[in-house]
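# Notes for the structure review
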Amino acid sequence: MKISNLHLPESLVESYKKKGIEDLYPPQEECVRMGLLENKNLLISIPTASGKTLVAEMAMHKHIENGGKCLYVVPLKALAAEKFSEFSDKGVRVGIATGDLDKKDDFLGKNDIIITTSEKADSLLRNRAVWMNMITCLVLDEAHLIDSEDRGATLEMVITKLRYLNDNMQVIALTATIGNPKKFAEWLSADLVTSKWRPVDLKEGVFFSDTIYSDTEEKKIKTPTKHDDANLCLDCIEEGGQCLVFVNSRRNAEGFAKRMAKVLEKSDFSDPELEIIQKKLEDAAETEMGRILAICTGKGASFHHAGMKKDQRQIVEQGFRDGHIKVISSTPTLAAGLNLPARRVIIRDYMRFKGGFGMVPIPVREYRQMAGRAGRPHLDPYGEAVLIAKGRESANGLYEEFIDAPAEDVKSRLDDESIITAHILSLISTGFVKESADLVSFLERTFYVYLNKKSKYLSKIVDNAVEFLESAEMITRLGDQLSATEYGNLVSRLYINPVTAEIITEKLKEKQNAINEGEKILLDSSKTGFKEEEKENKETVFSDIGLLQLLCTTPDMYTMYVKKDDLPVLEKFFYEHEDELWVGLSYDTMEEDFAVLKTAMLLDNWINEIGDETICTRFNVGPGDIYNVVESMKWLLYSASRISYMMAPDLRVRVREVELRMKHGIKRELLPLVKLRNIGRVRARRLFNNGFSSPEKIKNADFSKLSAILGKKIAEDVLEQVKREEHDYPGSDYSKKENGSGFSE
Ligand code: ADP
């Protein structure tokens, strides 16, 4: 089928032509036949790289031509950026929304295509962005993630709400192979397109001894080393291919890359470009892991996992796409989204540790996603996915367990009452529903109820949720009418679980009361001369580590895994700081309590300017972990700050201070300095250590001294800022927040 015959906008057809795309792939043709361009809802379940994005793009351009607006929902921020560049420069306006969750982002509505994550889409709905009522085409990329444990419920609510708001909206759901596509399609009122067609043939096989066994052939390979995984890689590289090796932990990913680098060093393989890539990685390296990454990559073997920083990952991805890096060993995160195919995919670790269960096989869907990465269109003659068997017996087992096994069904994740409660609050707060009965009928439209037909339990679940929200004073009930309180609206807009909000509110109120009582004593005791002692008492009521520990116990924060080696350090910390902690440790929940403590300690290190490298060694983590955990905590501290403003105003300055320290990774003494534009943690520390502890001190500074510290340009800018003698500096977080969200100090 010729694309030029589809009556698509000329600019789109031209852009495809430029890329050499003139004919549709067979599954794409099937989508068109099924009504893709005639507003039909479709669930498209076809293999990776068979052109799903192009299908969605054609439909979106059709809508835009008719004055419509499209929302493209992706699971990861990184994927949003990838799609943004793919959709741009084709004659339509494209916007991307992945940022802060409490903004309405009205300007986004000006775009024809808005790319967003499901969390951001939900928050835009909660913040009542008007243009969300104007969506004519909804694309769900990786729609099977409705099944994702931590994020599926949000995606399900987004779909349900948008369908509720926009009657004739076309839904295009793109998914990996799933076990129950018919059910999923029925819920979406969609027709189903399935196909096994791939642009590059895929051979799936099992490696045992020295042979890859597949349905069609038995291929013997050379075994120059004693390691199967390395031999499989060498064999593929000698034939001109590249390999992805999937392993089950970061340590294994790094370990394999080190071993493979040594093997490549001894082989004939060489590529001068690798030196340049190695240099880039050396420049980006701040830790031991970064330096190891650079060395291995320089030999042609690299690794990829979430503990790495974004720039490190990007350098590795590009080096692989350009064909220089020959092998990447990776944790399964790489299989989930990134478009990074290789000729041979080796699934080395198909067992994974699961708390409470020990080692369990990975899901079939995950195996398929990994296998689907095999074969670069136009570059490889075929793709190969190879599982490594531990023995002859297991070779047969692997065939049954993965290659021939049906994919798992997708299920709904709204089966958790605390998650339903959070969504119910948002439904009330955003005025989606006004009465309990409406709540039930709205929830009846969800995938959860569609699959379980559990309407009779539903009213019980709804009753429980409404009761909880009422007792937490997040909603009020007047007869049948439900409405959110100011506090409830805030919690919904902050996009945190109501349980989290309750944990924060209760503790902050308790602390505020304690402080107020302390203040009374303080006044009284001033007469009796005990003032200093009482002051000390007041200080200890509020502690940074206490607040961090509290926030780490909430359902919105994930915590770090505790290893055996961590225990002595954690125990020591606990005994030394017991008085400052806000949550007691219990013998029954020791494992979780220590995980909370470890995470809080790491964050406390961060706001006390302990270097990345020390944090990584001390807590057994990578720099990417520090980034992730700080990012999550930043949002929770911002939320706590907003909540304290409303519920415990005496503490708001203290909470806000911790929020800003987390944002910049600084001690309290640097806070006055980071209010200045262009002054972050490093420059602020340099200024402070040179005696410039406040903007006032900078004002009288000798210019040459200041420019020696900051460089001429920044010194000039900073001087100009402080001389303006404004109360709020341009870079001040206080002024920014005031403009952005109505939150002022
Ligand atoms: P998926 O989303 O299914 O993984 P993509 O849409 O990313 O796959 O497509 C994979 C690659 O195939 C892209 O580089 C895309 O440009 C290309 N492609 C898609 N459709 C066609 C087509 N009909 N002819 C040639 N190349 C195509």
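Residues numbered from 1 in each chain as written. Predicted model: local features only at pLDDT ≥ 70, side-chain atom pairs only at ≥ 80, totals over all residues. Heavy atoms only, no water.

## Some thoughts on the overall build of the chain
Within the chain, the regular secondary structure consists of 34 helices and 19 strands. Against the globule reference of 27 Å for 745 residues, the chain gives a C-alpha radius of gyration of 28 Å, in line with a compact fold. If you line up the chain on its principal axes, its C-alpha atoms span 95 × 70 × 55 Å. By sequence separation, contacts in the chain at least 24 residues apart represent 70% of the contacts at least 6 residues apart. Within the structure as shown, the chain displays about 33500 Å² of accessible surface, and the carbon and sulfur contribution to it stands at 49%. (Helix = DSSP H or I, 4+ residues; strand = E, 2+ residues; numbered from the N terminus. Rg over C-alpha atoms; globule rule 2.2 N^0.38 Å. Contact = heavy atoms within 4.5 Å. Areas by Shrake-Rupley, 256 points an atom, 1.4 Å probe, with all protein chains shown as cover.)

## Digging into the site of the ligand
As a structural note, the neighbourhood of the ligand is formed by 14 residues, with Asp-23, Gln-28, Ala-49, Lys-52 and Thr-53 the closest of them. Measuring from a nitrogen atom of the ligand, one finds a backbone N or O atom of Asp-23 at 2.8 Å. Note that a nitrogen atom of the ligand is positioned 2.9 Å from one of the side-chain N or O atoms of Gln-28. Isolated, the ligand exposes 560 Å² of accessible area, and the fraction of that covered by the protein chains is 81%. Taken together, the residues of the shell around the ligand break down into six nonpolar, five polar and three charged. (Near = heavy atom within 4 Å. Polar contact = N/O pair within 3.5 Å; in protein donor to acceptor, adjacent residues only side chain to side chain. Nonpolar A, V, L, I, M, F, W, Y, C, P; charged D, E, K, R; others polar.)

## Topic: a nonpolar patch on the surface
A contiguous nonpolar patch, built from Met-351, Phe-353, Met-359 and Tyr-561 and spanning about 450 Å² of accessible area, is present on the exposed surface. Looking at the secondary structure, you find Phe-353 in strand β15 (residues 351-354). (Patch = residues over 30% accessible without salt bridge, like charges linked within 9 Å, V, L, I, M, F, W, Y side chains within 5 Å. Salt bridge = Lys/Arg side-chain N within 4 Å of Asp/Glu carboxyl O.)

## Re the packing of aromatic side chains
Evaluation of the coordinates by the stated rule reveals 13 aromatic pairs. Measuring from ring centre to ring centre gives 4.6 Å for Tyr-25 and Trp-197, while their planes differ by 45°; the resulting arrangement is tilted. Taken together, the residues Tyr-25 in the loop between α1 (10-18) and α2 (26-33) and Trp-197 in the loop between β7 (191-194) and β8 (202-208) connect sequence positions 172 residues apart. You can call Tyr-25 partly exposed: its relative accessible area is 25%. Ring centres of Tyr-164 and Phe-442 lie 5.1 Å apart, and the angle between their planes is 75°; this geometry places the pair in the edge-to-face category. A residue pair is termed long-range when its members are at least 10 positions apart, and Tyr-164 in helix α6 (residues 152-165) and Phe-442 in helix α17 (residues 436-443) qualify at 278 residues. Here Tyr-164 falls in the partly exposed class, since its relative accessible area comes to 35%. Residue Phe-442 is classed as buried on the basis of its relative accessible area of 1%. An aromatic cluster is built from Tyr-164, Phe-432 and Phe-442, whose rings are joined through pairwise contacts. Cation over ring: Arg-163 sits above Trp-187, and NZ or CZ is 5.9 Å from the ring centre. A cation over an aromatic ring shows up here: Arg-681 above the ring of Trp-606, its NZ or CZ 4.2 Å from the ring centre. (Phe/Tyr/Trp six-rings, centres within 6.5 Å; stacked < 30°, edge-to-face > 60°. Buried < 20%, exposed > 50% of the residue type's maximum accessible area, 1.4 Å probe, protein only. Lys NZ or Arg CZ within 6 Å of the ring centre and 35° of its normal.)

## What about the sheet that holds strand β5 (residues 137-140)?
In spatial order, the strands read β3-β4-β2-β5-β6-β1-β7; together these seven strands make up an open sheet with parallel pairing. Strands with a single pairing partner mark the edges of an open sheet, and in this sheet they are β3 (94-97) and β7. Strand-to-strand, the axes of this sheet are offset by a mean angle of 15°, without reference to chain direction. (Pairing = 2+ DSSP bridges. Axes fitted to C-alpha atoms, helices over the stretch in contact; angles between N-to-C directions.)

## Things to note about the side chain of Arg-198
Of note, Arg-198 is situated in the loop between β7 and β8. Within polar-contact distance, the side chain of Arg-198 engages the backbone oxygen of Val-200 at 2.9 Å. In this view, Arg-198 contacts Pro-47, Thr-48, Gly-372 and Ala-374; residues no more than four positions away in its chain are not counted.

## Overview of the sheet that holds strand β10 (residues 218-220)
Here we have eight strands laid out as an open sheet, ordered β10-β9-β8-β17-β14-β11-β13-β12, and mixed in their pairing. At either end of the open sheet lies a strand with only one pairing partner, and these are β10 and β12 (301-304). For this sheet, the mean inter-axis angle between neighbouring strands, taken without regard to orientation, is 25°. In this sheet, strand β17 (residues 383-388) lies alongside β8 in parallel orientation, the contact comprising six bridges. Across the sheet, Phe-207 pairs through a bridge with Ile-388, a residue of β17.

## A look at the pairing of strand β1 (residues 42-45)
Taking every second residue as pointing to the same face, both faces of β1 are buried, with Leu-42 and Ile-44 on one and Leu-43 and Ser-45 on the other. Looking at chain direction, β1 and strand β6 (residues 170-175) are connected through four bridges and run parallel. Across the sheet, residue Ile-44 finds its bridge partner in β6, namely Leu-174. As defined by bridge partners, β1 adjoins β7 across four bridges and the pair is classed as parallel. Note that in β7 the partner of Leu-43 across the bridge is Leu-192.

## Re empty space enclosed by the protein
Under the counting rule described, the total for this entry stands at three cavities of 30 Å³ or more. Lining the largest cavity we find Asp-566, Val-569, Leu-570, Lys-598, Met-601, Arg-618 and Phe-619. Of all the secondary-structure elements, those providing two or more residues to the lining of the largest cavity are α24 (566-577), α25 (590-606) and α26 (612-619). The dominant element in the lining of the largest cavity, judged by the number of residues it contributes, is α24, at three residues. (1 Å grid on protein atoms, 1.4 Å probe; cavity = no way out; pocket = protein on both sides within 12 Å on 5 of 7 lines; lining within 4 Å. Points joined across faces, edges and corners; volume = space filled by probe spheres on them.)

## A short note on a negative patch on the surface
A cluster of acidic residues, Asp-215, Glu-400, Glu-401 and Asp-404, forms a negative patch at the surface. Owing to a relative accessible area of 62%, Glu-400 belongs among the exposed residues under this scheme. (Lys, Arg positive; Asp, Glu negative; His and termini not counted. Charge placed at Lys NZ, Arg CZ, Asp CG, Glu CD.)

## Structural notes on the domain arrangement of the chain
Split into domains, the chain comes out as domain 1 (3-194), domain 2 (202-403), domain 3 (417-495) and domain 4 (541-741). Just the C-alpha atoms count here: the centres of domain 3 and domain 4 sit 35 Å apart. At the junction of the two partners, domain 3 supplies five residues and domain 4 supplies seven residues. Summing the contributions of domain 3 and of domain 4, the shared interface buries around 640 Å²; its carbon and sulfur component is 75%. Interface area lost by domain 3 to domain 4 is led by Tyr-487, Leu-490 and Leu-494, which between them contribute 77%. (Domains from an automatic or database assignment. Buried area = accessible area lost by both parts, 1.4 Å probe.)

## Topic: the environment of Phe-442
Sequence spacing of Phe-442 and Ile-545 is 103 residues, and the spatial spacing of their C-alpha atoms is 42 Å. Filtering out sequence-adjacent residues up to four positions away, Phe-442 remains in contact with Met-157, Thr-160, Lys-161, Tyr-164, Leu-427, Phe-432 and Val-433.

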